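# Examination of the molecular architecture
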Amino acid sequence: EQIIVKPSLATFAQVRSWTVISKTRAWSNSLIGKKSHRFLEPYVNDKDRKGVVLKFRARTDTIQWGIALAKLHSRASMEVCNICNTGSRQTVEHVVMECKGMEQHRENMFARLREYMRQSPGSLSFQNFMKMDINQRFFLLLGKSTGSVQLDQTFDLSIRIFLKA
């Protein structure tokens, strides 16, 4: 509840798991049945340090892009996206989901997801993913559970590659 009060943590509150850790989600048997928010998520233990840091910053809205820099330096002009120069505010959601300057990287990320979902049919098809509203897709990319550990790992890898682009 206290996290939701802070605007910078609103996305984190949406995507972080607040449930009890199940056997399929536990990366150690000692975690089964414990509250998930008290332990590191599996992506944090990855050797891809840069990707992990960028994903965490994206989830907590602390990535040093336009909006964050504008707040830091009290300059409204820094809020404008300097990647696409369309006049859009440079939020994490804009860069990941809409920015014209990141279109090729986004297409590559979606191609990875499409291929995985095609090879591993399960709870979510790529077509159903693309039919979701932009916020739902954004939250899944940043770590909201799909119900499939393998698909969640694919989303995790895909967004970290995208953020490092």
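In what follows, the structure referred to is the one given above.
Residues numbered from 1 in each chain as written. Predicted model: local features only at pLDDT ≥ 70, side-chain atom pairs only at ≥ 80, totals over all residues. Heavy atoms only, no water.

For the rest of this paragraph, the subject is unusual backbone geometry. A positive phi angle is found at N85, which is not glycine, with a value near 55 degrees. Among the secondary structure elements, N85 is positioned in the loop between helix 4 (66-73) and helix 5 (92-98). The class of N85 is exposed, set by a relative accessible area of 63%. (Helix = DSSP H or I, 4+ residues; strand = E, 2+ residues; numbered from the N terminus. Buried < 20%, exposed > 50% of the residue type's maximum accessible area, 1.4 Å probe, protein only.)

The interhelical angle for the contact between helix 6 (residues 103-119) and helix 9 (residues 149-164), taken along N-to-C directions, is 165 degrees, at an axis separation of 9 Å. When the axis of helix 6 is compared with that of helix 9, the two are roughly antiparallel. Here the hand of the crossing between helix 6 and helix 9 comes out right-handed. Counted together, H105, R106, M109, R112, L113, Y116 and M117 of helix 6 and Q150, L151, T154, F155, S158, I159, I161 and F162 of helix 9 form the full contact between these two elements. (Axes fitted to C-alpha atoms, helices over the stretch in contact; angles between N-to-C directions. Parallel < 35°, antiparallel > 145°, perpendicular 65-115°, else oblique. Left-handed = near helix turned anticlockwise from the far one by under 90°. Contact = heavy atoms within 4.5 Å.)

Counting across every chain of the model gives zero disulfides. Of all cysteine sulfurs, the one in C81 lies closest to C84, which takes part in no disulfide; the gap is 3.6 Å. (Disulfide = S-S within 2.5 Å.)

As a packed pair, helix 3 (residues 49-59) and helix 9 sit with axes 9 Å apart at the nearest point and diverge in direction by 95 degrees. Between helix 3 and helix 9, the angle is such that the two are roughly perpendicular. In this structure, helix 3 contributes K50, G51, V52, L54, K55 and A58 to the contact, and helix 9 contributes D156, I159, R160, L163 and K164. Tallied by class, residues from the contact of helix 3 with helix 9 come to five nonpolar, one polar and five charged. (Nonpolar A, V, L, I, M, F, W, Y, C, P; charged D, E, K, R; others polar.)

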